[in-house]
Amino acid sequence: MPAKPAPIKKSPAKKAAPKKEEKPAAPAEPAPAPASAPAPAPEPEPEPAPAPAPAEAAPAPAAEPAPEAGGDAAPAPAEEQKPAAEPAAPPPPPPEPEKPKEEPTSEPVNLTLEDVNDTTLTVKWRPPENIGASGLDGYTVEYCRDGTQDWVVANQELIISNRYAIKNLTTGDKLHVRVKAVNPGGPSAPASLEQPVVVREIVDRPRIRLPRSLRTVFVKKVGDTVNLVIPFQGKPKPQVSWTKDGQPLDLKAVGVRNSDRDTILFIRKSERKDSGKYEVTVKVDSLEDKATITIQIVDLPGPPSSIKLVDVWGFNTALEWTPPKDDGNAEITGYTVQKADKKTGEWFTVLEHYHRLNCTVSDLIMGNSYSFRVFTENRCGLSENAAVTKDLAYIQKTGIQYKPPEYKDRDYSEPPSFTQPLNDRAATMGYTTKLLCAVRGNPQPKILWMKNQMVIGEDPKFRQITSQGLCTLEIRKPCTFDGGVYSCKAINPHGEAVVNCKLDVKAVQVPTDK
């Protein structure tokens with residue numbers, strides 16, 4: 001009986017290089033011993049499957065037939081050969097890059113209490129210092145009663161504003177308040193008020209802050225608009241009331257508008273009757289503050305009540321008038337006096353801004369007749385009408401002998417005196433030099449120049465100039481002989497004066513070559 005064919009094994013020499021992606025080949029059937037009953041060979045343990053790799057796995061080479069055992073072993077059938085390796089799995093897609101982790105912002109800063117009353121609590125804060133790349137979506141405001149940890153979110157939706165008023169609170173509650181900043185990374189750490197807040201109305205004493213311009217008389221012209229804004233403070237909202245001269249305002253003529261912080265007095269078109277003392281009162285419970293504003297509505301004044309031509313003499317006329325009955329509700333600042341010649345009838349202004357009630361008009365022309373008129377003036381301007389003289393002032397053509405007044409002449413006589421003395425000088429030989437001094441006296445003193453106590457006189461070498469008290473002696477091209485003591489003497493009927501100086505003439509030294 002022929003022996004059982006040996007199992008098919010791979011030849012070590014022809015074995016392909018091992019690859020991680022290849023799966024281990026299935027073990028071959030055990031071959032019996034050539035002479036006796038064949039014992040099955042131990043089956044090798046398969047290696048764990050490696051991770052898939054992009055490298056392509058080549059099919060295992062075909063197994064070669066094993067050598068015959070005992071010489072008459074039959075060749076292995078073809079279907080008992082090792083099957084080809086399975087194709088490698090397709091590579092997985094590359095992993096997606098990890099997104100940066102979103103972090104919440106830092107907590108808001110400078111959380112402070114802005115206002116509180118019996119039902120509302122208002123807080124404000126500043127944005128967080130570190131917001132991050134995710135940005136800021138908004139804020140949430142939370143509160144809880146003192147002694148509990150039941151935090152209640154005050155705003156149902158995120159708010160962007162840095163201020164929020166928590167409303168519909170119970171009077172007397174003691175609340176803790178905190179604020180969180182929210183972004184895609186979640187809410188930040190909370191910023192909390194340091195102390196709990198009691199929900200109650202804070203009474204602030206009323207106080208009127210009267211503008212400086214209204215502390216004196218407020219003046220407007222007739223027809224102007226009056227718009228006074230009076231700021232005040234106080235909590236709760238003060239009650240504001242106005243009076244004029246102790247009586248309630250006529251709301252048909254004067255408008256009043258009040259807010260939480262100021263009151264406005266408005267007059268669309270002012271009239272003289274709107275003048276007076278207006279008093280505003282701001283009251284909170286039993287506390288109140290008052291301020292008085294004096295409003296003066298001014299108009300053009302009326303003309304002087306009467307004017308009188310008092311006297312006419314020479315080229316002059318004396319006038320008198322009385323103040324106007326209507327001063328325009330303002331102080332009279334002056335009068336304007338005009339004259340007109342009967343021949344031409346043209347008016348010319350003689351005096352402006354004149355404060356007295358009488359005047360004298362001069363420089364009138366002989367033989368002419370004049371009429372005069374006076375206007376009243378206040379801060380609004382001149383009166384529309386003027387008071388005119390009924391009589392004419394006629395300047396007669398009589399001869400006039402003018403005797404000028406005698407005046408005693410003042411005695412300006414004084415002896416001569418030098419206001420600037422002569423100064424010692426040094427001159428260079430050959431170069432013209434000058435000696436200067438200044439003298440005063442009345443009558444004008446006579447000037448004498450002397451050299452070494454000798455009068456110079458008309459020596460052509462010297463030039464003597466006297467102009468408006470300035471005395472000059474010019475020495476033309478002096479030589480060493482011209483040195484000495486020079487004197488200037490001033491003489492008039494009231495006395496004389498002398499000044500001296502020393503002149504030193506130096507020769508020019510020419511350097512000699514060695």
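Coordinates for the structure precede this section.
Within each chain, residues carry numbers counting from 1 in the order of the written sequence. Totals for whole chains, interfaces and linings use all residues, but because this is a predicted model, local features are given only for residues with pLDDT of at least 70 and pairs of side-chain atoms are given and counted only at 80 or more. Hydrogen atoms and water are omitted, and side-chain values are computed over all heavy atoms in the structure.

> Go over the overall build of the chain with me, naming the residues and quoting the values.
Across its full length, the chain holds 0 helices and 36 strands. Expressed as a percentage of its 514 residues, the buried residues of the chain come to 31%. Here, two residues are considered to be in contact whenever any of their heavy atoms come within 4.5 Å of each other. Across the chain, the fraction of contacts at a sequence separation of at least 24, relative to all contacts at a separation of at least 6, is 64%. In short, Shrake-Rupley with a 1.4 Å probe defines the accessible areas, and a residue's cover is counted only from the protein chains shown. Of the accessible surface of the chain, which amounts to about 34700 Å², a share of 50% is contributed by carbon and sulfur atoms. Labels follow the DSSP assignment, with helices taken as runs of H or I lasting at least four residues and strands as runs of E lasting at least two, numbered in each case from the N terminus. Only protein chains enter the accessibility calculation, which uses a 1.4 Å probe; a residue whose area is less than 20% of its type maximum is buried, one above 50% is exposed, and one in between is partly exposed.

> Describe a nonpolar patch on the surface, and please don't skip the residues or the numbers.
A cluster of nonpolar side chains, namely Tyr-431, Val-508 and Val-510, defines an oily patch on the protein surface of about 340 Å² accessible area. Residue position: Val-510 is located in the segment after strand S36 (495-506). Taking the relative accessible area as the measure of exposure, Val-510 reaches 65% and is therefore exposed. Here, patches come from residues exposed beyond 30% relative accessible area and free of salt bridges, joined within 9 Å for like charges and within 5 Å for nonpolar side chains (Val, Leu, Ile, Met, Phe, Trp, Tyr). A carboxyl oxygen of Asp or Glu within 4 Å of a side-chain nitrogen of Lys or Arg is what we treat as a salt bridge.

> Which residues make up the sheet that holds strand S31 (residues 446-451), and what values go with them?
In a beta sheet, neighbouring strands are held together by backbone hydrogen bonds and run either parallel or antiparallel to one another. Any two strands between which DSSP finds at least two bridges are classified as paired. Pairing is mixed in the open sheet, where 5 strands are placed in the order S29-S36-S35-S31-S32. The open sheet terminates on both sides in strands that have one partner only, identified here as strand S29 (425-428) and strand S32 (454-455). Where S31 lies against strand S35 (residues 484-492), 6 bridges are found, and the strand directions are antiparallel. In the sheet register, Met-450 faces S35, and the bridge partner there is Ser-487.

> Which residues make up the sheet that holds strand S12 (residues 226-235), and what are the values?
One open sheet accounts for 4 strands, arranged S10-S12-S16-S15; its pairing is antiparallel. Only two strands of the sheet have a single partner each, and these edge strands are strand S10 (204-208) and strand S15 (255-258). Neighbour-to-neighbour, the strand axes of the sheet open up by a mean angle of 15°, direction not taken into account. Relative to strand S16 (residues 262-267), S12 runs antiparallel, the two sharing 6 bridges. Across the sheet, Ile-230 pairs through a bridge with Thr-263, a residue of S16. Helix axes use the C-alpha atoms of the stretch in contact, all axes being lines fitted to C-alpha atoms, and the angles between their N-to-C directions lie in the range 0 to 180 degrees.

> Tell me about the pattern of salt bridges, and please be specific about residues and values.
This model, assessed by the stated rule, comprises 12 salt bridges. Between Glu-114 and Arg-163 there is a salt bridge whose closest N-O contact spans 2.4 Å. Pair noted here: Glu-114 is in strand S1 (residues 109-116) and Arg-163 is in strand S5 (residues 163-166), with a separation of 49 residues, a long-range link. For Glu-114, a relative accessible area of 33% puts it in the partly exposed group. On the accessibility criterion, Arg-163 (45% relative accessible area) is partly exposed. Several salt bridges share partner residues, and in doing so they unite Glu-142, Arg-178 and Lys-180 into one network.

> Describe unusual backbone geometry, and please don't skip the residues or the numbers.
It is generally the case that most residues other than glycine have a negative phi and that most peptide bonds are trans. With omega at -10°, the peptide bond leading from Lys-235 into Pro-236 counts as cis. Following the sequence through the fold, Pro-236 ends up in the loop between S12 and strand S13 (239-244). Following Asn-442, the chain continues to Pro-443 via a peptide bond in cis, the omega torsion being -5°. At Asn-110, a residue that is not glycine, the phi angle is positive and equals roughly 55°. Position of Asn-110 relative to the elements: it lies in strand S1.

> Tell me about the packing of aromatic side chains, and please be specific about residues and values.
Working definition: a ring pair exists when centres of Phe, Tyr or Trp rings (six-membered ring for Trp) sit within 6.5 Å. Plane angles under 30 degrees give stacked, over 60 give edge-to-face, the rest tilted. Under the definition given, this model contains 4 aromatic pairs. Considering the side-chain rings of Trp-321 and Tyr-354, the 6.3 Å spacing of their centres and the 55° angle between planes classify their relative orientation as tilted. Within this pair, whereas Trp-321 is found in strand S20 (residues 316-321), its partner Tyr-354 is found in strand S22 (residues 347-354), the two being separated by 33 residues in sequence. By relative accessible area, Trp-321 is classed as buried at 4%. Ring centres of Phe-462 and Tyr-486 lie 6.2 Å apart, and the angle between their planes is 55°; this geometry places the pair in the tilted category. Here Tyr-486 lies in strand S35 and Phe-462 lies in strand S33 (residues 462-467), a separation of 24 residues in the sequence. The pair formed by Phe-462 and Tyr-486 is uniform in burial state, with each residue classed as buried. An aromatic cluster is defined as three or more aromatic residues linked by ring pairs; in this entry it consists of Trp-321, Tyr-335 and Tyr-354. For a ring to carry a charge above it, either NZ of a lysine or CZ of an arginine must fall within 6 Å of the ring centroid while also lying within 35 degrees of the normal to the ring plane. Residue placement shows Arg-373 over the ring face of Trp-347; its charged tip is 4.3 Å from the ring centre. The side chain of Lys-451 reaches across the aromatic face of Phe-481, ending 4.5 Å from its centre.

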